[in-house]
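Here's the letter readout for the chains.
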Amino acid sequence: MKDARARAAGERAERIAEFIAPLRVEPGSKVDLSKDFDPTHKKGIKNKKDGQELLRSGVVLLADYQRRLAAEGTHGVLMCLQALDAGGKDGTIRHVMSGVNPQGVRVAGFKVPSAAELSHDYLWRYACNLPSRGEIGIFNRSHYEEVLVVRVHPEHLSRQRLPGHVSGKKIWRRRYREINDWERYLTDNGFRIVKLFLNLSKEEQRIRFLKRIDVPERNWKFSAADIRERTFWDDYQRAFSEMLSATSTPWAPWYVVPADRKWFARTCAAAVLAHTLIDIDPQYPLIDDKSRHALELAKQQLEDEAPDGAAADPYAKRSAAGVLRRRADRRRVR
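Residues numbered from 1 in each chain as written. Predicted model: local features only at pLDDT ≥ 70, side-chain atom pairs only at ≥ 80, totals over all residues. Heavy atoms only, no water.

**Student:** Help me understand the side chain of Ser142, please; the structure alone is not making it clear to me.
**Tutor:** Following the sequence through the fold, Ser142 ends up in the loop between β3 (136-140) and α7 (149-152). Residue contacts for Ser142: discarding those within four places in its chain leaves Cys80, Gln82, Phe110 and Tyr126. (Helix = DSSP H or I, 4+ residues; strand = E, 2+ residues; numbered from the N terminus. Contact = heavy atoms within 4.5 Å.)

Right, dumping it as C-alpha coordinates:
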(Lines give C-alpha, C1' and ligand atoms only; values in the text may rest on other atoms or scores of the structure.)
Protein backbone atom coordinates (compact mmCIF):
# COMPACT_ATOMS: atom_id res chain seq x y z
CA MET A 1 0.00 0.00 0.00
CA LYS A 2 2.80 2.41 0.91
CA ASP A 3 4.61 1.62 -2.34
CA ALA A 4 1.42 2.32 -4.33
CA ARG A 5 0.92 5.63 -2.54
CA ALA A 6 4.55 6.58 -3.15
CA ARG A 7 4.22 5.77 -6.86
CA ALA A 8 1.01 7.79 -7.13
CA ALA A 9 2.60 10.75 -5.32
CA GLY A 10 5.62 10.55 -7.62
CA GLU A 11 3.43 10.50 -10.72
CA ARG A 12 1.45 13.49 -9.43
CA ALA A 13 4.66 15.42 -8.79
CA GLU A 14 5.85 14.64 -12.33
CA ARG A 15 2.57 15.87 -13.84
CA ILE A 16 2.77 19.14 -11.91
CA ALA A 17 6.42 19.65 -12.89
CA GLU A 18 5.56 19.01 -16.55
CA PHE A 19 2.62 21.44 -16.39
CA ILE A 20 4.66 24.36 -15.04
CA ALA A 21 7.86 23.73 -17.05
CA PRO A 22 6.89 26.06 -19.96
CA LEU A 23 6.29 28.88 -17.47
CA ARG A 24 9.78 28.74 -15.97
CA VAL A 25 12.36 31.33 -16.99
CA GLU A 26 15.54 29.36 -17.50
CA PRO A 27 18.39 30.90 -15.48
CA GLY A 28 20.79 32.72 -17.76
CA SER A 29 18.28 33.11 -20.59
CA LYS A 30 17.45 36.46 -22.17
CA VAL A 31 13.73 37.24 -21.99
CA ASP A 32 11.65 39.26 -24.40
CA LEU A 33 8.13 39.19 -22.97
CA SER A 34 6.46 40.13 -26.23
CA LYS A 35 8.02 37.15 -28.02
CA ASP A 36 8.66 34.50 -25.38
CA PHE A 37 5.44 34.35 -23.33
CA ASP A 38 1.83 34.47 -24.50
CA PRO A 39 -0.64 36.04 -22.00
CA THR A 40 -3.52 34.09 -23.57
CA HIS A 41 -1.89 30.64 -23.34
CA LYS A 42 -3.86 27.93 -21.50
CA LYS A 43 -1.68 24.82 -22.10
CA GLY A 44 -4.22 22.34 -23.35
CA ILE A 45 -6.87 22.90 -20.67
CA LYS A 46 -10.05 22.84 -22.74
CA ASN A 47 -12.32 25.12 -20.74
CA LYS A 48 -12.84 27.09 -17.56
CA LYS A 49 -14.74 24.24 -15.88
CA ASP A 50 -11.77 21.88 -16.27
CA GLY A 51 -9.42 24.59 -15.00
CA GLN A 52 -11.57 25.23 -11.93
CA GLU A 53 -11.63 21.52 -11.12
CA LEU A 54 -7.83 21.42 -11.33
CA LEU A 55 -7.66 24.45 -9.05
CA ARG A 56 -9.91 22.78 -6.46
CA SER A 57 -7.67 19.72 -6.50
CA GLY A 58 -4.64 21.96 -6.10
CA VAL A 59 -6.19 23.73 -3.11
CA VAL A 60 -6.76 20.36 -1.40
CA LEU A 61 -3.13 19.44 -2.03
CA LEU A 62 -1.86 22.80 -0.75
CA ALA A 63 -3.91 22.50 2.44
CA ASP A 64 -2.31 19.13 3.20
CA TYR A 65 1.22 20.34 2.58
CA GLN A 66 0.68 23.60 4.46
CA ARG A 67 -0.34 21.65 7.59
CA ARG A 68 2.80 19.57 7.28
CA LEU A 69 4.96 22.64 6.70
CA ALA A 70 3.59 24.26 9.88
CA ALA A 71 3.96 21.09 11.94
CA GLU A 72 7.56 20.47 10.88
CA GLY A 73 8.56 24.11 11.46
CA THR A 74 11.84 23.84 9.55
CA HIS A 75 11.21 25.57 6.23
CA GLY A 76 9.35 28.70 5.22
CA VAL A 77 8.00 29.68 1.81
CA LEU A 78 7.87 33.17 0.31
CA MET A 79 5.66 33.71 -2.74
CA CYS A 80 6.35 36.95 -4.64
CA LEU A 81 3.56 38.16 -6.92
CA GLN A 82 4.35 40.78 -9.54
CA ALA A 83 1.99 42.16 -12.17
CA LEU A 84 0.88 45.34 -13.80
CA ASP A 85 -2.33 46.98 -12.57
CA ALA A 86 -5.39 44.70 -12.95
CA GLY A 87 -3.10 41.69 -13.34
CA GLY A 88 -5.09 39.63 -10.83
CA LYS A 89 -2.80 39.48 -7.81
CA ASP A 90 -5.56 39.83 -5.18
CA GLY A 91 -7.79 37.23 -6.81
CA THR A 92 -4.89 34.82 -7.16
CA ILE A 93 -4.13 35.06 -3.45
CA ARG A 94 -7.79 34.71 -2.48
CA HIS A 95 -8.46 31.62 -4.62
CA VAL A 96 -5.15 29.76 -4.33
CA MET A 97 -4.96 30.11 -0.55
CA SER A 98 -8.68 29.51 0.06
CA GLY A 99 -8.19 26.11 1.67
CA VAL A 100 -5.19 26.73 3.91
CA ASN A 101 -5.16 27.65 7.58
CA PRO A 102 -5.04 31.48 7.79
CA GLN A 103 -2.75 31.21 10.82
CA GLY A 104 -0.08 29.67 8.61
CA VAL A 105 -0.15 32.37 5.93
CA ARG A 106 1.07 35.96 6.07
CA VAL A 107 0.24 38.43 3.29
CA ALA A 108 2.10 41.73 2.93
CA GLY A 109 1.35 44.41 0.36
CA PHE A 110 3.86 47.08 -0.61
CA LYS A 111 2.76 50.46 -1.88
CA VAL A 112 4.59 53.80 -1.83
CA PRO A 113 7.22 53.57 0.95
CA SER A 114 6.74 55.70 4.05
CA ALA A 115 9.27 58.21 5.36
CA ALA A 116 10.34 55.69 8.01
CA GLU A 117 10.88 52.98 5.38
CA LEU A 118 12.87 55.35 3.17
CA SER A 119 15.24 56.01 6.04
CA HIS A 120 16.49 52.41 5.73
CA ASP A 121 18.07 50.44 2.89
CA TYR A 122 15.70 49.51 0.06
CA LEU A 123 15.33 45.84 1.13
CA TRP A 124 14.63 46.64 4.78
CA ARG A 125 10.83 46.81 4.65
CA TYR A 126 10.67 43.54 2.75
CA ALA A 127 12.96 41.78 5.23
CA CYS A 128 10.68 42.95 8.06
CA ASN A 129 7.77 41.04 6.49
CA LEU A 130 9.42 37.71 5.74
CA PRO A 131 7.60 34.55 6.85
CA SER A 132 8.70 32.52 9.84
CA ARG A 133 9.65 28.85 9.62
CA GLY A 134 6.48 26.86 9.06
CA GLU A 135 4.73 29.77 7.35
CA ILE A 136 3.84 30.69 3.79
CA GLY A 137 4.45 34.39 3.21
CA ILE A 138 2.99 36.24 0.24
CA PHE A 139 4.31 39.53 -1.08
CA ASN A 140 1.59 41.34 -3.06
CA ARG A 141 4.16 43.29 -5.03
CA SER A 142 7.62 42.71 -3.66
CA HIS A 143 11.23 43.83 -3.51
CA TYR A 144 11.15 43.73 -7.32
CA GLU A 145 9.32 47.05 -7.25
CA GLU A 146 12.81 48.47 -6.60
CA VAL A 147 13.90 47.51 -10.13
CA LEU A 148 10.54 47.99 -11.83
CA VAL A 149 8.49 51.03 -10.80
CA VAL A 150 11.61 52.75 -9.46
CA ARG A 151 13.34 52.12 -12.79
CA VAL A 152 10.41 53.32 -14.89
CA HIS A 153 10.12 56.37 -12.61
CA PRO A 154 13.73 57.13 -11.62
CA GLU A 155 12.59 60.21 -9.71
CA HIS A 156 11.78 57.78 -6.89
CA LEU A 157 15.51 57.20 -6.44
CA SER A 158 15.96 60.74 -5.15
CA ARG A 159 13.54 59.95 -2.32
CA GLN A 160 15.80 57.07 -1.28
CA ARG A 161 18.62 59.53 -0.54
CA LEU A 162 21.37 57.33 -1.93
CA PRO A 163 25.00 58.43 -1.80
CA GLY A 164 26.14 59.94 -5.07
CA HIS A 165 28.68 57.24 -5.87
CA VAL A 166 26.04 54.44 -5.90
CA SER A 167 23.30 56.11 -7.93
CA GLY A 168 24.84 56.04 -11.40
CA LYS A 169 23.96 54.03 -14.51
CA LYS A 170 25.12 50.72 -12.99
CA ILE A 171 22.59 50.85 -10.16
CA TRP A 172 20.16 48.37 -11.77
CA ARG A 173 22.81 45.77 -12.49
CA ARG A 174 24.01 46.11 -8.91
CA ARG A 175 20.47 45.77 -7.52
CA TYR A 176 19.92 42.60 -9.53
CA ARG A 177 23.06 41.16 -7.96
CA GLU A 178 22.06 42.28 -4.46
CA ILE A 179 18.58 40.78 -4.82
CA ASN A 180 20.00 37.50 -6.13
CA ASP A 181 22.45 37.35 -3.22
CA TRP A 182 19.67 38.13 -0.70
CA GLU A 183 17.46 35.38 -2.10
CA ARG A 184 20.38 32.94 -2.07
CA TYR A 185 20.94 33.81 1.60
CA LEU A 186 17.26 33.12 2.36
CA THR A 187 17.21 29.78 0.52
CA ASP A 188 20.43 28.71 2.24
CA ASN A 189 18.62 29.30 5.54
CA GLY A 190 15.63 27.14 4.64
CA PHE A 191 13.28 29.66 3.04
CA ARG A 192 12.11 28.75 -0.44
CA ILE A 193 11.14 31.55 -2.82
CA VAL A 194 8.34 31.24 -5.39
CA LYS A 195 8.36 34.10 -7.92
CA LEU A 196 5.33 34.60 -10.16
CA PHE A 197 4.87 37.27 -12.79
CA LEU A 198 1.24 37.48 -13.91
CA ASN A 199 1.65 38.33 -17.58
CA LEU A 200 -1.33 40.41 -18.72
CA SER A 201 -1.88 41.68 -22.27
CA LYS A 202 -2.46 45.37 -22.89
CA GLU A 203 -5.89 44.68 -24.38
CA GLU A 204 -7.01 42.58 -21.42
CA GLN A 205 -5.87 45.32 -19.06
CA ARG A 206 -7.97 47.81 -21.04
CA ILE A 207 -11.03 45.56 -20.71
CA ARG A 208 -10.53 45.09 -16.96
CA PHE A 209 -10.16 48.83 -16.43
CA LEU A 210 -13.43 49.41 -18.30
CA LYS A 211 -15.14 46.81 -16.13
CA ARG A 212 -14.00 48.69 -13.03
CA ILE A 213 -15.57 51.84 -14.48
CA ASP A 214 -18.80 50.27 -15.78
CA VAL A 215 -19.67 48.03 -12.81
CA PRO A 216 -20.63 50.16 -9.76
CA GLU A 217 -19.45 47.52 -7.28
CA ARG A 218 -15.99 47.75 -8.82
CA ASN A 219 -15.67 51.53 -9.02
CA TRP A 220 -13.67 51.59 -5.81
CA LYS A 221 -10.91 49.56 -7.48
CA PHE A 222 -10.36 52.10 -10.24
CA SER A 223 -7.72 54.79 -9.96
CA ALA A 224 -6.81 57.51 -12.44
CA ALA A 225 -3.20 56.71 -11.57
CA ASP A 226 -3.68 53.32 -13.26
CA ILE A 227 -4.42 55.06 -16.54
CA ARG A 228 -1.34 57.23 -16.17
CA GLU A 229 0.80 54.16 -15.54
CA ARG A 230 -0.66 52.53 -18.64
CA THR A 231 1.06 55.17 -20.77
CA PHE A 232 4.37 53.63 -19.61
CA TRP A 233 3.39 50.17 -20.89
CA ASP A 234 6.42 49.72 -23.18
CA ASP A 235 8.80 50.93 -20.46
CA TYR A 236 7.40 48.37 -18.04
CA GLN A 237 7.65 45.58 -20.61
CA ARG A 238 11.35 46.36 -21.06
CA ALA A 239 11.89 46.58 -17.29
CA PHE A 240 10.12 43.26 -16.71
CA SER A 241 12.04 41.56 -19.51
CA GLU A 242 15.41 42.66 -18.15
CA MET A 243 14.43 41.85 -14.56
CA LEU A 244 13.33 38.32 -15.50
CA SER A 245 16.56 37.80 -17.46
CA ALA A 246 18.78 38.99 -14.62
CA THR A 247 17.07 37.49 -11.56
CA SER A 248 15.78 34.06 -12.56
CA THR A 249 18.27 31.88 -10.72
CA PRO A 250 18.60 28.14 -9.99
CA TRP A 251 17.70 28.79 -6.34
CA ALA A 252 14.81 31.20 -7.08
CA PRO A 253 13.55 30.94 -10.68
CA TRP A 254 10.81 33.11 -12.13
CA TYR A 255 7.57 31.69 -13.54
CA VAL A 256 5.73 33.79 -16.13
CA VAL A 257 2.03 32.99 -15.72
CA PRO A 258 -0.39 33.73 -18.61
CA ALA A 259 -2.89 36.03 -16.90
CA ASP A 260 -5.52 36.94 -19.51
CA ARG A 261 -7.67 34.07 -18.19
CA LYS A 262 -7.97 34.45 -14.45
CA TRP A 263 -8.91 30.83 -13.85
CA PHE A 264 -5.83 29.63 -15.71
CA ALA A 265 -3.52 32.03 -13.88
CA ARG A 266 -4.83 30.79 -10.53
CA THR A 267 -4.38 27.17 -11.55
CA CYS A 268 -0.78 27.88 -12.59
CA ALA A 269 -0.01 29.72 -9.34
CA ALA A 270 -1.37 26.81 -7.29
CA ALA A 271 0.69 24.35 -9.34
CA VAL A 272 3.96 26.28 -8.88
CA LEU A 273 3.38 26.60 -5.13
CA ALA A 274 2.44 22.91 -4.86
CA HIS A 275 5.58 21.96 -6.81
CA THR A 276 7.70 23.86 -4.27
CA LEU A 277 6.00 22.25 -1.27
CA ILE A 278 6.26 18.78 -2.80
CA ASP A 279 9.98 19.38 -3.31
CA ILE A 280 10.38 20.44 0.33
CA ASP A 281 8.30 17.40 1.39
CA PRO A 282 7.67 18.51 4.99
CA GLN A 283 6.76 15.76 7.45
CA TYR A 284 4.78 15.61 10.66
CA PRO A 285 7.20 15.26 13.59
CA LEU A 286 7.48 11.80 15.16
CA ILE A 287 7.25 11.60 18.94
CA ASP A 288 9.68 9.53 21.00
CA ASP A 289 8.78 6.55 23.18
CA LYS A 290 8.57 8.66 26.33
CA SER A 291 6.09 11.05 24.75
CA ARG A 292 4.12 8.12 23.30
CA HIS A 293 3.84 6.57 26.76
CA ALA A 294 2.60 9.90 28.18
CA LEU A 295 -0.07 10.01 25.45
CA GLU A 296 -1.25 6.52 26.31
CA LEU A 297 -1.51 7.39 30.00
CA ALA A 298 -3.48 10.54 29.21
CA LYS A 299 -5.78 8.59 26.88
CA GLN A 300 -6.45 5.98 29.56
CA GLN A 301 -7.23 8.66 32.16
CA LEU A 302 -9.67 10.45 29.84
CA GLU A 303 -11.40 7.18 28.90
CA ASP A 304 -11.81 6.31 32.60
CA GLU A 305 -13.63 9.63 33.13
CA ALA A 306 -16.35 8.80 30.58
CA PRO A 307 -19.88 9.09 32.08
CA ASP A 308 -22.08 6.00 32.27
CA GLY A 309 -23.49 5.16 28.86
CA ALA A 310 -21.02 7.35 26.99
CA ALA A 311 -18.38 5.99 24.63
CA ALA A 312 -14.97 5.85 26.26
CA ASP A 313 -13.42 7.43 23.14
CA PRO A 314 -16.07 8.79 20.74
CA TYR A 315 -13.40 10.38 18.60
CA ALA A 316 -11.79 7.07 17.66
CA LYS A 317 -14.49 6.23 15.09
CA ARG A 318 -14.55 9.80 13.74
CA SER A 319 -10.77 9.74 13.45
CA ALA A 320 -10.91 6.55 11.40
CA ALA A 321 -13.59 8.07 9.18
CA GLY A 322 -11.40 11.16 8.74
CA VAL A 323 -8.52 9.02 7.54
CA LEU A 324 -10.78 7.47 4.92
CA ARG A 325 -11.96 10.90 3.76
CA ARG A 326 -8.39 12.19 3.44
CA ARG A 327 -7.46 9.11 1.42
CA ALA A 328 -10.41 9.78 -0.90
CA ASP A 329 -9.32 13.43 -1.27
CA ARG A 330 -5.81 12.36 -2.20
CA ARG A 331 -7.16 9.93 -4.80
CA ARG A 332 -9.19 12.75 -6.37
CA VAL A 333 -6.09 14.97 -6.51
CA ARG A 334 -4.17 12.23 -8.31
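Next comes the rest of the description.
**Student:** Sorry if this is basic, but what is going on with the sheet that holds strand β4 (residues 191-199) here?
**Tutor:** If you trace the 5 strands from one edge of the open sheet to the other, you get β2-β3-β1-β4-β5, paired in parallel fashion. Unpaired on one side and paired on the other, β2 (105-109) and β5 (254-258) mark the two borders of the sheet. Geometrically, the sheet is characterised by an average inter-axis angle of 20° between neighbouring strands, direction not taken into account. Pairing analysis gives 5 bridges linking β2 to β3, with the strands arranged parallel. (Pairing = 2+ DSSP bridges. Axes fitted to C-alpha atoms, helices over the stretch in contact; angles between N-to-C directions.)

**Student:** What is the right way to look at the packing of aromatic side chains in this model?
**Tutor:** Counted according to the given criterion, the structure contains 8 aromatic pairs. Aromatic side chains Phe110 and Tyr126 sit 4.6 Å apart centroid to centroid with 55° between the ring planes, which places their arrangement in the tilted category. Of this pair, Phe110 sits in the loop between β2 and α5 (115-118) while Tyr126 sits in helix α6 (residues 124-127), and the two are 16 residues apart along the sequence. The pair Phe110 / Tyr126 is uniform in exposure class, with both members buried. Arranged with centres 4.9 Å apart and planes meeting at 70°, the rings of Tyr144 and Trp254 form a pair that is edge-to-face. (Phe/Tyr/Trp six-rings, centres within 6.5 Å; stacked < 30°, edge-to-face > 60°. Buried < 20%, exposed > 50% of the residue type's maximum accessible area, 1.4 Å probe, protein only.)

**Student:** Looking at this structure, how should I read the packing of helix α4 (residues 89-96) against helix α13 (residues 262-280)?
**Tutor:** Two packed helices can be described by the angle between their axes and the distance between those axes. Interaxial distance between α4 and α13 falls to 9 Å at its minimum, and their mutual angle equals 60°. By the angle between their axes, α4 is oblique relative to α13. Crossing handedness for the pair α4 and α13: right-handed. Facing Gly91, Thr92, His95 and Val96 of α4, the residues of α13 in contact are Arg266, Ala269, Ala270 and Leu273. Counted by class, the contact of α4 with α13 contains 4 nonpolar, 3 polar and 1 charged residues. (Parallel < 35°, antiparallel > 145°, perpendicular 65-115°, else oblique. Left-handed = near helix turned anticlockwise from the far one by under 90°. Nonpolar A, V, L, I, M, F, W, Y, C, P; charged D, E, K, R; others polar.)

**Student:** What should I look at first to understand α4 in this one?
**Tutor:** At 3.6 residues per turn, the α-helix brings residues three or four places apart onto the same side. All of the buried residues along α4 are Lys89, Gly91, Thr92, Ile93 and Val96. Buried residues in α4 make contact with α3 (48-72), β1 (76-83), β2, β3, β4 and α13.

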